[in-house]
Amino acid sequence: MRLKGKSAIVTGAASGIGRATAIALAREGAAVMLTDIDDAGGHATLDAIAKAGGRAAWRHQDVVDEDQWREVVAETVRLHGHLDTLVNNAGIGSGQLVVEMSLEAWNRQLGINLTGVFLGCKHGIPAMRAHVQGGGKGGSIINISSVAGLEGAPGLAGYCATKGGVRLFSKAVAKEYAADRIRCNSVHPGIIDTPIWTKIDEGGLSATRDALGTPPGANSIPVDAIALVNTPLQRAGQPEEIAAGIVFLASDESAFITGSELVIDGGWTA
Ligand code: NAP
């Protein structure tokens, strides 16, 4: 088991990449605190981990709420003894043209995708530092960005802004806390087959479809069609393929890696 003795928080653990990550971390021996705004999905992830013999706890959390971050970190330390792994994964997608985007939609996306990551680091780092001072090996923060944090995409300007922000924020955190033996890296998925593609705002769907090269006439965002057009490996990725990268960054195998970008995109940005 590659993560035996580790204690992790995974946000957005009720669905998609977060669920696959929580399951993978627990399979490798970590005790995992699962959080999300989706209670039913969170409990489903918890059940899956319990059935497989893993160790996990669930807590409802909106990542934009600072008090809830304080509580989640404190509860993790109370239940699992310490914190050394934080996966800031919760996120939303919003496809809208800049001139049509409301300030409310911009702020909502920025809040969940970027401020949520900031708050996680703000409250997770002191707990990780305390563990290191008490003899722990070190901490690992893994922030989920996107290929949209590496390249611009028309129709996704707001999303790109949040994910580009996550990328450079992660590098600054890496340098700021390296002396505390806390690592921080960003992960950049390409097109991954998760429910996020069914949730992108109706109003911006056409801009997003055009931007991503979806065949005309589609009335939702078919992930396989987008992947075929944009991904050299000619398929969408699976959430487990992102989780595998996150497990590596959480493990001591990546002990000399900080401030880096792990791109898992089937060749999109090659
Ligand atoms: P997903 O299946 O929609 O899962 C995201 C989870 O986050 C959902 O359970 C969602 O709940 C939850 N969430 C939304 N707002 C939240 C909040 N304020 N506080 C706490 N939880 C919240 O999406 P995913 O594809 O797994 O995405 C996970 C991460 O990967 C995101 O950061 C996303 O931007 C990134 N990403 C995904 C792809 C992709 O192709 N799938 C590509 C690049 C990057 P609700 O369902 O209730 O909203």
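Above this note sits the structure.
On a predicted model such as this, the values are computed, not experimentally measured, just so you know.

Enquirer: Is there a simple way to think about the overall build of the protein in this case?
Expert: Scanning the protein for helices and strands turns up eight helices and seven strands. For the protein, whose C-alpha radius of gyration is 18 Å, the value lies close to the compact-globule estimate of 18 Å for 270 residues. Across the 270 residues in the protein, those meeting the buried criterion constitute 51%. Long-range pairs, those at least 24 residues apart, make up 71% of the contacts in the protein with a sequence separation of at least 6. Positive and negative side-chain charges of the protein, numbering 23 and 28 respectively, have mean locations separated by a distance of 8 Å.

Enquirer: I would appreciate a short explanation of the pairing of strand E3 (residues 55–60) in the present structure.
Expert: Working note: regular strand, side chains alternate between the two faces of the sheet. As defined by bridge partners, strand E2 (residues 31–36) adjoins E3 across six bridges and the pair is classed as parallel. Counted as the bridge partner of aspartate 36 is histidine 60 from E3. You can see the chain leave E2, run along helix H2 (residues 39–51) and come back into E3, and the turn it takes is right-handed.

Enquirer: Looking at this structure, how should I read the nonpolar core?
Expert: It is characteristic of soluble globular proteins that their nonpolar side chains tend to be buried jointly. Counting residues in each nonpolar core, the largest one holds 26 residues, and the members touching the most others are Leu25, Val32, Ile142 and Ile246. Those elements that provide at least two residues to this core are strand E1 (7–11), helix H1 (16–27), E2, strand E5 (139–144) and helix H8 (239–250). Ignoring sequence-local partners within four residues, the contact set of isoleucine 142 consists of Thr85, Leu86, Val87, Asn88, Asn185, Val187, Ile246, Leu249 and Ala250.

Enquirer: For this particular structure, what's the right way to read the packing of aromatic side chains?
Expert: By convention here, two paired aromatic rings are described through the distance between centres and the angle between planes. Applying the stated criterion across every chain, the model contains one aromatic pair. Ring centres of phenylalanine 118 and phenylalanine 169 lie 6.5 Å apart, and the angle between their planes is 80°; this geometry places the pair in the edge-to-face category. Of this pair, phenylalanine 118 sits in helix H4 (residues 103–133) while phenylalanine 169 sits in helix H5 (residues 157–177), and the two are 51 residues apart along the sequence.

Enquirer: What is the right way to read the pairing of strand E6 (residues 182–189) from this model?
Expert: E6 sits mainly inside the fold: eight of its eight residues count as buried. Neither face of E6 is exposed, since Ile182, Cys184, Ser186 and His188 on one face and Arg183, Asn185, Val187 and Pro189 on the opposite face are all buried. For E5 and E6, the ladder comprises six bridges, and the chain directions are parallel. Looking at the pairing, asparagine 143 lines up with serine 186 of E6.

Enquirer: Sorry if this is basic, but what is going on with the packing of helix H3 (residues 66–80) against H4 here?
Expert: Relative orientation and spacing of two packed helices are given, respectively, by the angle between their axes and the distance between those axes. For the pair H3 and H4, the least separation of the axes is 10 Å and the interaxial angle reads 35°. Remark: the crossing between H3 and H4 carries right-handed chirality. Between H3 and H4, the residues in contact are Glu66, Trp69, Arg70, Val73 and Val77 and Gly116, Leu119, Gly120, Lys122, His123, Gly124 and Ala127, respectively. Looking at the contact of H3 with H4 residue by residue, the classes come out as five nonpolar, four polar and three charged.

Enquirer: Would you mind going over the site of the ligand with me for this structure?
Expert: Lining the immediate surroundings of the ligand are 29 residues, of which Ser15, Asp36, Tyr159, Thr194 and Lys199 lie closest. Contact between the ligand and serine 15: an oxygen atom at 2.6 Å from a side-chain N or O atom of the residue. Between the ligand and asparagine 89, the relevant distance is 2.8 Å, taken from an oxygen atom to a main-chain nitrogen or oxygen of the residue. When the ligand sits alone it has 900 Å² of accessible area, and the protein chains cover 92% of it. Residue assignment for the shell around the ligand shows that the elements contributing at least two residues are H1 and H5. Here the residues of the shell around the ligand sort into 15 nonpolar, 10 polar and four charged.

Enquirer: Is there a simple way to explain the environment of asparagine 88 in this structure?
Expert: Tracing the backbone through its elements, the reader meets asparagine 88 in strand E4 (residues 85–88). Spatially, the C-alpha atom of asparagine 88 lies 9.9 Å from that of alanine 13, the residues being 75 residues apart in sequence. Beyond its immediate stretch of four places on either side in the chain, asparagine 88 contacts Thr11, Trp69, Gly116, Val117, Gly120, Cys121, Ile141, Ile142, Asn143 and Ile144. Reaching out from asparagine 88, the side chain makes a polar contact with the side chain of asparagine 143 at a distance of 2.9 Å.

Enquirer: Looking at this structure, I do not really get the sheet that holds E6. What am I missing?
Expert: Across the sheet, which stays open at both edges, the seven strands sit in the order E3-E2-E1-E4-E5-E6-E7 with parallel pairing between neighbours. For this open sheet the edge positions go to E3 and strand E7 (261–264), each flanked by a neighbour on one side alone. Along the sheet, successive strands turn relative to each other by an average axial angle of 15°, direction set aside. Note that E4 and E5 share four bridges and pair parallel. Its bridge partner lying in E5, valine 87 is registered against isoleucine 142.

Cut-offs applied
- Residues numbered from 1 in each chain as written.
- Predicted model: local features only at pLDDT ≥ 70, side-chain atom pairs only at ≥ 80, totals over all residues.
- Heavy atoms only, no water.
- Helix = DSSP H or I, 4+ residues; strand = E, 2+ residues; numbered from the N terminus.
- Rg over C-alpha atoms; globule rule 2.2 N^0.38 Å.
- Buried < 20%, exposed > 50% of the residue type's maximum accessible area, 1.4 Å probe, protein only.
- Contact = heavy atoms within 4.5 Å.
- Lys, Arg positive; Asp, Glu negative; His and termini not counted.
- Charge placed at Lys NZ, Arg CZ, Asp CG, Glu CD.
- Pairing = 2+ DSSP bridges.
- Right-handed = clockwise from strand over helix to strand, strands pointing away.
- Core = buried A, V, L, I, M, F, W, Y, C linked by side-chain atoms within 4.5 Å.
- Phe/Tyr/Trp six-rings, centres within 6.5 Å; stacked < 30°, edge-to-face > 60°.
- Axes fitted to C-alpha atoms, helices over the stretch in contact; angles between N-to-C directions.
- Left-handed = near helix turned anticlockwise from the far one by under 90°.
- Nonpolar A, V, L, I, M, F, W, Y, C, P; charged D, E, K, R; others polar.
- Near = heavy atom within 4 Å.
- Polar contact = N/O pair within 3.5 Å; in protein donor to acceptor, adjacent residues only side chain to side chain.
- Areas by Shrake-Rupley, 256 points an atom, 1.4 Å probe, with all protein chains shown as cover.

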